[in-house]
Amino acid sequence: MSKNLYIKTFGCQMNERDSEIMEQMLAQEGYVPAASPEGADVVLINTCSIREKAEQKVFSLLGQLREEKARNPSLLLGVTGCVAQQEGERIRERMPHVDLIVGTQQIYQLPEMLARLTQGMTTRETATDLEGSFAIPPFQKLLINTPPSPAPHSFRRFVTIMQGCNNYCSYCVVPGTRGREISRPVADIMEEVEILVSQGVKEITLLGQNVNSYGKTNKVADTEVDFPQLLRQVALVNGLRRLRFTTSHPKDLSEALMRCFAEIDILCPHFHLPVQSGSNAVLQRMNRKYTVENYLEKVASLRRLCPDIALATDIIVGFPGETEADFQATMDLLQTVRFHGSFSFKYSDRPHTRSAEFSDKIPEEVKARRLMEFQSLQDSISLERNSESIGREVEVMVESGEGNRLRGRTPANQIVHFTAAPASSLIPGTLARVQIDHAGKHSLKGTLRN
Ligand code: 5AD
Ligand code: SF4
């Protein structure tokens, strides 16, 4: 008999990919995805601890699930991901109804852990070792044996190329939750990409905390291939129409990688390059190892090589000691680069990070005001950037649609809503030519050409 599995994913694309892997692994054990936790046999919360708010959301959801567990005592409740890694057994001090705690590198053990719980061999399971190993064998077999789920986005998939991070930005919890950097062997990556493309996947995003150092730090296998070379190899897979990657650290952004944007046809001209602050003093305390000037030089080179490139970034406001002048420098940087989009956050202290110990913490109301100012400037710039597309014909990869109303994405990652003749055969993954008639700050509108 099939059992129902509900997974709630918080956080980044790494976590989304891990959730897919868990779903695929458990599908082989007879679990089918459920749309809600009500009545499910297993509920997994795949968690993020990057900011305080992200972690609070996890605990508030776990609190709500206490009632569901009371209604349905056979429900197994698990916590996976970064909060599980960071807190381990401590989660049960606040949430004693949690049955299962699985750290970021132990998800491959999930089927056995669940089997022990369902067979009553144990009543609590915890696995949080962080060994810096990729646990490749089951991972790989899994992908070979399991076709992509018929999810609406199955034309588009993530492929993990590395795990962990060695950078130790002073505010960041990731080295603690994901461990040291380790690169996956090229042969495994290529095999996974080829399988996915042969199953109809049209767009692949290569994932790592810092893809620029792929192959340079710890390796599972003896690869001499660096990230630009890996991109070129993946781009050669026949049938793949779009290639993306995330995330990059500006200090490791090489000329060779920049040239990829000019030279690889299917590499989308969209680049997420987190800058974090426009003040050199703050960047130094963040341990980012570049200056604003270095960053701007890289932006200029990228734009020389690929004039259409859309740049996106991450910003933290209210880092300890951030003065009004430091914040203004971040606003100036935004004006100078005119990012197409950004993710911006109020600084929060995280466990075991250096900045948590810094003095001169910024009051909440100052952080909130700075965040609002930053986001309102970004919104107006995003609108201007999007307006540049009005009147242009762009290539859109269809994502979803109902009747004659469709939704897709440009190579620059802008969302496009457009209309097509009823019953046109634009299934997800198809490339269409769309004339842009209207721009908003978060999306474009247009009409199908063909
Ligand atoms: N406080 C606020 N934002 C943070 N980020 C990472 N750590 C923190 C923190 N302690 C942001 C950075 C990073 C993004 C994923 O989250 O901008 O790039
Ligand atoms: Fe969150 Fe970072 Fe963990 Fe991703 S790696 S889930 S962003 S803490």
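Remember, predicted model here, so these are calculated numbers, not experimental data.

## Focus: the site of ligand 2
- Around ligand 2 lies a shell formed by Cys12, Asn15, Thr47, Cys48, Ser49, Ile50, Cys82, Val174, Arg178 and Gln209.
- When the residues that make up the shell around ligand 2 are grouped by side-chain class, the tally is 5 nonpolar, 4 polar and 1 charged.
- The residue makeup of the shell around ligand 2 includes at least three contributed by each of domain 1 (3-127) and domain 2 (132-268).

## Things to note about the site of ligand 1
- In the region of ligand 1, the neighbouring residues are Ile50, Arg51, Tyr171, Gln276, Asp314, Ile316, Phe345, Lys346, Tyr347, Ser348 and Arg350.
- Arginine 51 is positioned with one of its side-chain polar atoms (N or O) 2.7 Å from an oxygen atom of ligand 1.
- Tyrosine 171 places a main-chain nitrogen or oxygen 3.1 Å from a nitrogen atom of ligand 1.
- In isolation ligand 1 offers 400 Å² of accessible surface; the protein chains occlude 88% of this area.
- Only strand 14 (310-317) and strand 15 (341-346) provide two or more residues apiece to the shell around ligand 1.

## A short note on empty space enclosed by the protein
- Throughout the structure, instances matching the rule amount to 2 cavities of 30 Å³ or more.
- Estimates place the volume of the second largest cavity at around 30 Å³.
- The wall of the second largest cavity is formed by Asn15, Asp18, Met22, Asn46, Thr80, Gly81, Thr104, Ile107 and Arg178.
- Take the lining of the second largest cavity: its biggest share by element is 3 residues, from helix 1 (residues 13-27).
- Of the residues that constitute the lining of the second largest cavity, the class distribution is 2 nonpolar, 5 polar and 2 charged.

## Topic: the packing of helix 8 (residues 186-198) against helix 9 (residues 227-235)
- For the pair helix 8 and helix 9, interaxial distance at closest approach is 10 Å and the crossing angle is 30°. As far as their axial angle goes, helix 9 and helix 8 are roughly parallel. Between helix 8 and helix 9 lies a crossing whose hand is right-handed. Of the residues in helix 9, those touching helix 8 at Val186, Ile189, Met190 and Val193 are Leu230, Gln233 and Val234.
- The class makeup of the residues in the contact of helix 8 with helix 9 is 6 nonpolar, 1 polar and no charged.

## Topic: helix 9
- Of all the positions in helix 9, only Phe227, Pro228, Leu230, Leu231, Val234 and Ala235 are classed as buried. For helix 9, the arc enclosing every buried residue in end-on projection is 160°, short of the 170-degree limit, so these residues lie on one face.

## Looking at the sheet that holds strand 6 (residues 125-127)
- The strand order across the open sheet built from 6 strands is 2-1-3-4-5-6, with neighbouring strands paired in parallel fashion. Bordering the open sheet on either side are strand 2 (31-33) and strand 6, each of which pairs with just one other strand. Strand-to-strand twist across the sheet, computed as the mean angle between neighbouring axes with direction ignored, equals 20°.
- Both strand 4 (residues 76-80) and strand 5 (residues 100-102) contribute to a ladder of 3 bridges, which runs parallel. Bridge pairing in strand 5 places valine 79 opposite isoleucine 101.

## Observations concerning the sheet that holds strand 15
- Ordered in space as 13-14-15, the 3 strands form an open sheet in which the pairing is parallel. The sheet terminates laterally at strand 13 (270-272) and strand 15, the two strands that pair on one side only. The average undirected angle you get between the axes of adjacent strands in this sheet is 15°.
- Pairing geometry for strand 13 and strand 14, over 3 bridges, is parallel.

## Brief notes about the confidence of the model for the chain
- Put simply, the chain has an average pLDDT of 91, and 93% of its residues get 70 or more.
- Overall, residues 136-148 carries pLDDT values under 50, and its contacts beyond four positions in sequence, including any with other chains, amount to 32 contacts.

## Considering the pattern of salt bridges
- The full count for this structure, using the stated rule, is 31 salt bridges.
- A salt bridge links aspartate 99 to lysine 69, with the nearest nitrogen and oxygen atoms 2.6 Å apart. Of this pair, aspartate 99 sits in the loop between helix 4 (90-94) and strand 5 while lysine 69 sits in helix 2 (residues 52-71), and the two are 30 residues apart along the sequence. Pair check on accessibility: aspartate 99 and lysine 69 agree, each one buried.
- For glutamate 364, the salt bridge is made with lysine 367, and the minimal N-O distance between the two is 3.9 Å. Within this pair, glutamate 364 and its partner lysine 367 are both found in helix 14 (residues 364-387), separated by 3 residues, close to a single helical turn.
- A network of salt bridges, in which partner residues are shared, links Arg17, Glu20, Arg157, Arg184 and Glu192.

Rules used in this analysis
Residues numbered from 1 in each chain as written. Chains lettered and ligands numbered in written order. Predicted model: local features only at pLDDT ≥ 70, side-chain atom pairs only at ≥ 80, totals over all residues. Heavy atoms only, no water. Near = heavy atom within 4 Å. Nonpolar A, V, L, I, M, F, W, Y, C, P; charged D, E, K, R; others polar. Domains from an automatic or database assignment. Polar contact = N/O pair within 3.5 Å; in protein donor to acceptor, adjacent residues only side chain to side chain. Areas by Shrake-Rupley, 256 points an atom, 1.4 Å probe, with all protein chains shown as cover. Helix = DSSP H or I, 4+ residues; strand = E, 2+ residues; numbered from the N terminus. 1 Å grid on protein atoms, 1.4 Å probe; cavity = no way out; pocket = protein on both sides within 12 Å on 5 of 7 lines; lining within 4 Å. Points joined across faces, edges and corners; volume = space filled by probe spheres on them. Axes fitted to C-alpha atoms, helices over the stretch in contact; angles between N-to-C directions. Parallel < 35°, antiparallel > 145°, perpendicular 65-115°, else oblique. Left-handed = near helix turned anticlockwise from the far one by under 90°. Contact = heavy atoms within 4.5 Å. Buried < 20%, exposed > 50% of the residue type's maximum accessible area, 1.4 Å probe, protein only. Arc of directions from axis to C-beta. Pairing = 2+ DSSP bridges. pLDDT = per-residue confidence, 0-100. Salt bridge = Lys/Arg side-chain N within 4 Å of Asp/Glu carboxyl O.

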